[in-house]
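Notes for the structure review
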Amino acid sequence: MNIGKILFSAAAVAVIAGCTTMGTNEAIVPLQSATAQMIGLASSDELSITDVKADKPDSLGAQNLSYTATTTKGRRFDCTARMMPGLLTSPPTLTTPSCTPVQVHSINKKK
């Protein structure tokens, strides 16, 4: 066996073992802050994040997150972001969310 291959394999395992990720519940606060900033709200307190779902991680551990963002005024957005795991001492990172407005129609019945 080649000692170089063994050392390379051990280093690769150490890097992968050092990857840090966050769960969907832990991602809500940074998603809320980034989404509020992206859609132009003054504060993340004006926004609630619900239905956070994560895709299966890819080979590098990155995941696509999808969620619903609702403002205090009732506007709804379907949003996506990508979470990349951190390496060793760096925390996981989220990309800037991409959101599309959800149009909700209300039917006013007149008597």
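Anyway, here's the lowdown on the structure attached to this text. Quick caveat, the model's predicted, so the values are computed rather than measured.

Mapped onto the elements, Thr68 comes out in strand 2 (residues 63–71). Classification of Thr68 as buried rests on a relative accessible area of 11%. Thr68 has contacts with Ser48, Ile49, Thr50, Asp51, Arg76, Phe77 and Asp78, leaving out every residue within four places of it along the chain.

Enumeration according to the criterion identifies one salt bridge in this entry. For Arg82, the salt bridge goes to Asp58, with nearest N and O atoms at 2.6 Å. Residue Arg82 is found in strand 3 (residues 76–84), and its partner Asp58 is found in the loop between strand 1 (47–54) and strand 2; the two are separated by 24 residues along the sequence. Classification of Arg82 as partly exposed rests on a relative accessible area of 26%. Residue Asp58 is classed as partly exposed on the basis of its relative accessible area of 32%.

What follows concerns the environment of Val102. With respect to the secondary-structure elements, Val102 resides in strand 5 (residues 98–102). Once residues lying within four places of it in the same chain are set aside, the contact partners of Val102 are Arg76, Phe77 and Asp78.

For residues other than glycine, phi is negative in most cases, and the peptide bonds are mostly trans. The phi dihedral of Asp51 falls on the positive side, at around 55°, and the residue is not glycine. Note on placement: Asp51 falls in strand 1.

The subject of this paragraph is helix 2 (residues 24–39). The first and last C-alpha atoms of helix 2 sit 21 Å apart over 16 residues, in line with the 22 Å expected at 1.5 Å per residue. Turning to helix 2, the residues buried within the fold contact strand 1, strand 2, strand 3, strand 4 (93–94) and strand 5. Within two residues after helix 2, Gly40 carries a phi angle of roughly 85°, on the positive side.

Our next topic: the pairing of strand 2. Here six bridges tie strand 1 to strand 2, and the two strands are oriented antiparallel to one another. Each residue of the ladder has a partner; that of Thr50, found in strand 2, is Thr68. Of the pairings in the sheet, the one linking strand 2 to strand 3 comprises eight bridges and is antiparallel in character. Paired with Thr70 across the strands is Arg76, a residue of strand 3. Hairpin connection from strand 2 to strand 3: four residues lie between these consecutive antiparallel strands, with Gly74 at a positive phi of about 95°.

Thresholds applied
- In every chain, residue numbers begin from 1 and rise along the written sequence.
- Thresholds applied to this predicted model are a pLDDT of at least 70 for local features of residues and 80 or more for the giving and counting of side-chain atom pairs; totals over whole chains, interfaces and linings are not thresholded and use all residues.
- Working from all heavy atoms in the structure, the side-chain values ignore hydrogens and water.
- Every helix listed is a DSSP run of H or I at least four residues long, and every strand listed is a run of E at least two residues long, numbered separately from the N terminus.
- Relative accessibility decides the category of a residue: with a 1.4 Å probe and only protein chains considered, values under 20% of the type maximum give buried, values over 50% give exposed, and everything between is partly exposed.
- Any two residues whose heavy atoms approach within 4.5 Å are treated as being in contact.
- Only one rule defines a salt bridge in this text: a Lys or Arg side-chain nitrogen within 4 Å of an Asp or Glu carboxyl oxygen.
- Multiply 1.5 Å by the residue count of a helix minus one, and that product is the helix's expected span.
- Strands qualify as paired when DSSP identifies two bridges or more between them.

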